[in-house]
Structures are given as C-alpha cells and as structure tokens.
Amino acid sequence: MPNTAIYTFKWSGADHKGNNIKGEMSAVSINEVQNRLRRRGISVQKVKKKTASLLNQQREKLDAADICVITRQIATMLNAGVSLIQIIDMLAQGHNKQQGREVLRDIANEVKAGNPLSTALRKHPNIFADLYCDLVRTGEQSGALETIFERIALYKEKAEALKSKIKKAMFYPFAVLVVAFIVTTILLIFVVPQFADIFSSFGAELPVFTQMVLSLSGIIQTYGVFLCAGLIVISWLVTKTHKKSQKFRATVDANVLKLPIVGDILKKAAIARFTRTLATTFAAGVPLITALESAADASGNAVYRNAIMFMRQEVAGGIQMFSAMRSTGVFPDMVIQMIAIGEESGSVDVMLSKVATIYEAQVDDLVAGLTSLLEPLIMAVLGVVIGGLIVAMYLPIFHMGNVV
C-alpha cells in the first residue's frame, strides 16, 4: 500500500524574479513538495519536514468533535448527490489535522479498492466506534447511506452537546476550588509565617482561632511536600484502579448517582444517551438485541449499563421491553409508559427520540440551575476560607491593647 501519511514541510526558494520566498506545504514527501513548487515556477533551495511539539501532536489527534463534523459533512454532501469517494477525497485534502488527513486518505484508498466503507472504518477502532461502523454497514445494506449518515450526524451532535453541558457544569466549580486551594496554600506558606514572627513578641496567649491557623501553617510548611506527593500518588492509584477494575468503576458510578443535584443530572444524562442511541440504531434497522447492547455501552454509567444488559436478556427471552425496563428499577415511570405506548403502536423509535429530547432539555435546565446555584455558593466558600485566614491574623491585633 502506498504511503498515505501527510506531513507539513517548511520550504525556501526564489521566484522567477529572483526574490527569496518561503512558506509551508502539506505533502506526502519532500519530492512532492519540490515538484509542486517547480510547477509554480519556484526555484527550490531548501525543504525541511516540520516537527511538531508534543502539545501540538496531542492537538493534532482526532477527537469526538472532529468525528461529529466529518459525519455532518459526509451527510450533507451525500444528500447533495456527491459520490462517496469524492467526499472522502475532499475531506482528506482539506482536514486541518494530520491524523485526520491520514485516516481519511486510508479510508479513501480502501473504498477505491472496492472495500465497503464500514470495513474501512473498522480499521480505525480508536476513532470510529463499533456502533458507528454498524450503522454505516446497515446503511450500505439498505442502500440508504445518506439517510444513515444524517441520523449518525444528528446522534453525534446531540451526544456532543450533552457531553459539553455536563463538562461545563463540572468544570466551573472545580476550577474555582483549585484556585482557592492554591491561594490558601500560598497564604499559609508565605503570609501567615510573617504574622507569626510578629505575634511571637506579644508575650501573651493568642486567640484559639489564630493558634489553629498558625499550627496549620506549620504543618503545611513542614509536611507540605509529603502531603502533595501523597495526594499525587493517591490520585494516580485511583485513576489506574478506575481504568483497570470494572468493580471499582461500578462502585464509583453507583455512588456518584447518589450525589445531590449532580447525581440527578447524571441520571437524566444516562437516560438521554440510552434513548437517543437506541432510537438511532433501531430506526436504522439494527435488531433490537444488538441495539440494546450498543445503547448499554453508550449510557456512560455502570448502573444503567447493567440495567440495559438485563433488559437485553429479558427481551431476548421474549419479554416486552417496557416490562423488562420496569424490572430494573432504575428508569422513571414516564419513560416506561412512553416505551409501552411505542411498542403498542409500533413506533418505538419515535417514542425513544421524544424521551431523549425531553431528558436532554431537562439536563440543560439542571445544568443552568446548578451553575446559577454554584456561583453564590462558591463565592461564599471563598469568602469564608480567605476571610477566615485574614480574621485569624488580625484577631491578635484587635486585642493588642489588652495584650500590652
């Protein structure tokens, strides 16, 4: 197979007037850069492959948002009547990330060689999930690839929007608390000791609150490095255990759902992801048993994943889906009733889409409410922590007259 990797090259040379010029060009090899520049009438002097920093290399990797955009572009151009090979070629040439160009060129070569698109996509499992490939294969078999890509694009856009909302709700308080921790640590290490030197000359007993803050400052100064190292080690162990232990992940997922407000958001988000995924796969013609398995993986929480897999077993045994859903005890009555209506009327995919829309809107409202609630709450916490340190340092000064 020919080399399909595309790199960025820096070049310098002279135009037909003898003026020195330079620039950058994306190509497969140095020879390709030289040939393209010569055709433009440029006398090439130097061509060098551009090396990216580690940070830039990380940014060059495709993420879920990139796949969402690629899917929408494919759906739009398929509906416009553009052939699949032309679409992938255009996307490969115009993508702004190196990995995107490489992957799309490889997919284009596979399709040109006569392989199905779903087979070409499966060669990149870290980028295109099994659900994505299964839906594309269904579209190929039914001859409605443009319709399938439209559904996949809508599904990916909804999933990314939901993920973005949840990240937004979690990031703001986390960032503020990290800043508060850093500021408090700086005060305890650098500011409080200055007051301690002043208080040592008072010759009287300091207020209890001030003594507590001074003791905390001493502990941080003496054992701060060890505490920091311990936190790093514990965080690393928890992260590693979370990745490797399914039982630990299930325990964490179950406990997270019990948190006030946040747990409610995660529950509704899991239901929204489950119903949106099941609606997309079921409408695409994927068998219900297979669709439930894909929806279980997409739910994003072990509690709901186990419940959906239980539903899959029940449905495979001939039980209606709404009855199996009720047996799990994790789905609200409204969801169960709408699924029951969908099964009776033969419009399960429509009902699932409506449930997903309802719960996506509820997640949006809960995130907005949580953000509004957290802003004054975080300000109050910051005021108590920072203000408490300041009060502790000035209490002896307020009592200086009595001390003297």
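First, a word on scope: everything that follows refers to the structure included in this document. What you see is a predicted model; the values in this text were computed from it and never measured.

### Notes on the pattern of salt bridges
This structure, assessed with the given rule, holds 11 salt bridges. For Glu 157, the salt bridge identified is with Arg 72, shortest N-O distance 2.8 Å. Highlighted residues: Glu 157 in helix 8 (residues 145-199) and Arg 72 in helix 3 (residues 64-79), separated in sequence by 85 residues. A residue is classified by how much of its surface remains accessible, and Arg 72, at 23% relative accessible area, is partly exposed.

### Comments concerning the layout of surface pockets
In this model, the largest pocket occupies a volume close to 970 Å³. As for the largest pocket, its lining consists of 42 residues, of which Tyr 155, Lys 163, Arg 273, Asp 297 and Ala 298 are closest to the centre. Secondary structure elements with two or more residues in the lining of the largest pocket: helix 3, helix 7 (130-142), helix 8, helix 10 (246-256), helix 11 (262-283) and helix 12 (288-298). No other element matches helix 8, which puts 11 residues into the lining of the largest pocket. Among the residues forming the lining of the largest pocket, the class breakdown is 22 nonpolar, six polar and 14 charged.

### Observations regarding a positive patch on the surface
On the surface, Lys 10, Lys 22, Lys 46 and Lys 48 cluster together into a positively charged patch. Within the fold, Lys 48 resides in strand 3 (residues 43-49).

### Overview of the nonpolar core
Counting residues in each nonpolar core, the largest one holds 80 residues, and the members touching the most others are Ile 107, Leu 117, Phe 128, Phe 149, Phe 274 and Phe 331. Look past the residues within four positions of Ile 107 in its chain and what remains in contact with it is Ile 88, Leu 117, Ala 120, Leu 121, His 124 and Phe 128. Val 192, Phe 195, Ala 392 and Met 393 belong to the second largest nonpolar core, which has nine residues in total.

The rules behind the values
Residues numbered from 1 in each chain as written. Predicted model: local features only at pLDDT ≥ 70, side-chain atom pairs only at ≥ 80, totals over all residues. Heavy atoms only, no water. Salt bridge = Lys/Arg side-chain N within 4 Å of Asp/Glu carboxyl O. Helix = DSSP H or I, 4+ residues; strand = E, 2+ residues; numbered from the N terminus. Buried < 20%, exposed > 50% of the residue type's maximum accessible area, 1.4 Å probe, protein only. 1 Å grid on protein atoms, 1.4 Å probe; cavity = no way out; pocket = protein on both sides within 12 Å on 5 of 7 lines; lining within 4 Å. Points joined across faces, edges and corners; volume = space filled by probe spheres on them. Nonpolar A, V, L, I, M, F, W, Y, C, P; charged D, E, K, R; others polar. Patch = residues over 30% accessible without salt bridge, like charges linked within 9 Å, V, L, I, M, F, W, Y side chains within 5 Å. Areas by Shrake-Rupley, 256 points an atom, 1.4 Å probe, with all protein chains shown as cover. Lys, Arg positive; Asp, Glu negative; His and termini not counted. Charge placed at Lys NZ, Arg CZ, Asp CG, Glu CD. Core = buried A, V, L, I, M, F, W, Y, C linked by side-chain atoms within 4.5 Å. Contact = heavy atoms within 4.5 Å.

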